[in-house]
Amino acid sequence: MSKSFLHEVDAVKLVLASNNKKKLAEMREILSSAGFEVLSQAEAGCDFEAEENGTTFAENAYIKAKAAMDACSMPAIADDSGLCVEALGGEPGVYSARYSGSHDHSDAQRNEYLLSKLEGVSDRRAKFVCSIACCFPDGRVIRAEGECHGEIGFEPKGENGFGYDPLFIMADYPGRTMAEISAEEKNAVSHRGRALNKFKEELLK
């Protein structure tokens, strides 16, 4: 790969189509190692909210990335992530952020609702899924996906992470939830970490 191309990649700035500060921190941590700068919507000088009306993670990721690119006139990256529980037929899936009935509910409320749905259920198998889309003004679109397998615990544990992390016991760290491991450990094995690492590979191709 030419030095000039690497220099070009080092200069790439991406706006994240999300207002989630923890998600922004995760993306910055992973992508900064490859020389990419991830900007928040505020830093990019644009304010918008895309309607996530897709039926798959991939559709929603593209919808958000395209909306951010159009609003900010610069390359934009978005992810759509969610929890898929085996015993619930894949729920909450693309509705993970509003599974308890409202997007405004807290993480604790969503976790409590999920536990109520699994009351008395012995099969706790689940996976986190992340789909990433990056849209460029010249029409290029780069996509990547990642998964992280585990099971749902019976009570929240841990203070790190966000969303359903305190309930998700990881296959990669038996007996520990995603909220009980460090950010560095999480970025190495999480669904978003795996998807972002695949995204970096695709971008550098």
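The coordinates are above.
Since the structure is predicted, the reported quantities are computational estimates derived from the model, not experimental observations. (Residues numbered from 1 in each chain as written. Predicted model: local features only at pLDDT ≥ 70, side-chain atom pairs only at ≥ 80, totals over all residues. Heavy atoms only, no water.)

*Asks:* Would you mind going over the pattern of salt bridges with me for this structure?
*Replies:* Between side chains of opposite charge, a pair can form when the charged atoms approach closely. One pass over the structure, following the stated rule, counts 16 salt bridges. Several salt bridges share partner residues, and in doing so they unite K23, E26, D79, D165, K186 and R192 into one network. (Salt bridge = Lys/Arg side-chain N within 4 Å of Asp/Glu carboxyl O.)

*Asks:* How should the side chain of R192 be read in this particular structure?
*Replies:* Within the secondary structure, R192 is located in helix α6 (residues 191-204). The exposure class of R192 is buried, given its relative accessible area of 4%. Beyond its immediate stretch of four places on either side in the chain, R192 contacts K23, E26, D79, S81, C130 and F162. (Helix = DSSP H or I, 4+ residues; strand = E, 2+ residues; numbered from the N terminus. Buried < 20%, exposed > 50% of the residue type's maximum accessible area, 1.4 Å probe, protein only. Contact = heavy atoms within 4.5 Å.)

*Asks:* What's the story with the environment of P174 in this structure? I'm lost.
*Replies:* Looking at the secondary structure, you find P174 in the loop between β6 (168-170) and α5 (183-189). Since its relative accessible area comes to 68%, P174 is described here as exposed. C-alpha of P174 to C-alpha of D47: the two residues are 127 residues apart in sequence and 41 Å apart in space.

*Asks:* Got a minute to help me understand the state of the cysteines in this structure?
*Replies:* In this structure the tally under the stated criterion is one disulfide. With its sulfur 1.8 Å from that of its partner, C46 forms a disulfide with C72. Because the sign of the S-S torsion sets the handedness, a value of about 45° for the bond joining C46 and C72 places this disulfide among the right-handed ones. Within this pair, whereas C46 is found in the loop between β2 (37-39) and α3 (57-72), its partner C72 is found in helix α3, the two being separated by 26 residues in sequence. (Disulfide = S-S within 2.5 Å.)

*Asks:* When you look at the pairing of strand β4 (residues 125-135) in this model, what are you seeing that I'm missing?
*Replies:* Looking down a regular strand, the side chains alternate between one sheet face and the other. A large share of β4 lies buried, amounting to nine of its 11 residues. One ladder, built from 10 bridges, connects strand β3 (residues 76-85) with β4; its direction is antiparallel. Across the sheet, the residue bridging to D79 is I132, located in β4. Pairing of β4 with strand β5 (residues 141-152), which is carried by 11 bridges, proceeds in the antiparallel orientation. When the sheet's bridge partners are listed, K127 is paired in β5 with H149. (Pairing = 2+ DSSP bridges.)

*Asks:* Whenever I open this one, the packing of aromatic side chains confuses me. Can you help?
*Replies:* In this description, an aromatic ring pair is defined by two values, namely the gap between the centres and the angle between the planes. Going through the model one piece at a time under the given rule, you end up with two aromatic pairs. Between F128 and F168, the ring centres sit 4.6 Å apart and the planes meet at 55°, which makes this aromatic pair tilted. Residue F128 is found in strand β4, and its partner F168 is found in strand β6; the two are separated by 40 residues along the sequence. Residues F128 and F168 agree in their burial class; the two are buried. Here R124 stacks its cationic end above the ring of F154, 4.0 Å away from the centre of that ring. Over the ring of F136 we find R140; its NZ or CZ atom is 4.4 Å from the centre of that ring. (Phe/Tyr/Trp six-rings, centres within 6.5 Å; stacked < 30°, edge-to-face > 60°. Lys NZ or Arg CZ within 6 Å of the ring centre and 35° of its normal.)

*Asks:* Mind showing me how you'd approach helix α2 (residues 21-31) here?
*Replies:* Helical geometry note: an α-helix holds 3.6 residues per turn, so side chains three or four residues apart project in the same direction. Within the span of α2, buried status applies to K23, L24, E26, M27, I30 and L31. Buried residues of α2, viewed axially, fall in a sector of 160°; they line one side. Turned more than 90 degrees from where α2 packs its buried face, K21 and E29 sit exposed. The distance from a side-chain oxygen at the start of α2 to the backbone nitrogen of K22 is 3.0 Å, and the residue carrying that oxygen is N20. (Arc of directions from axis to C-beta. Polar contact = N/O pair within 3.5 Å; in protein donor to acceptor, adjacent residues only side chain to side chain.)

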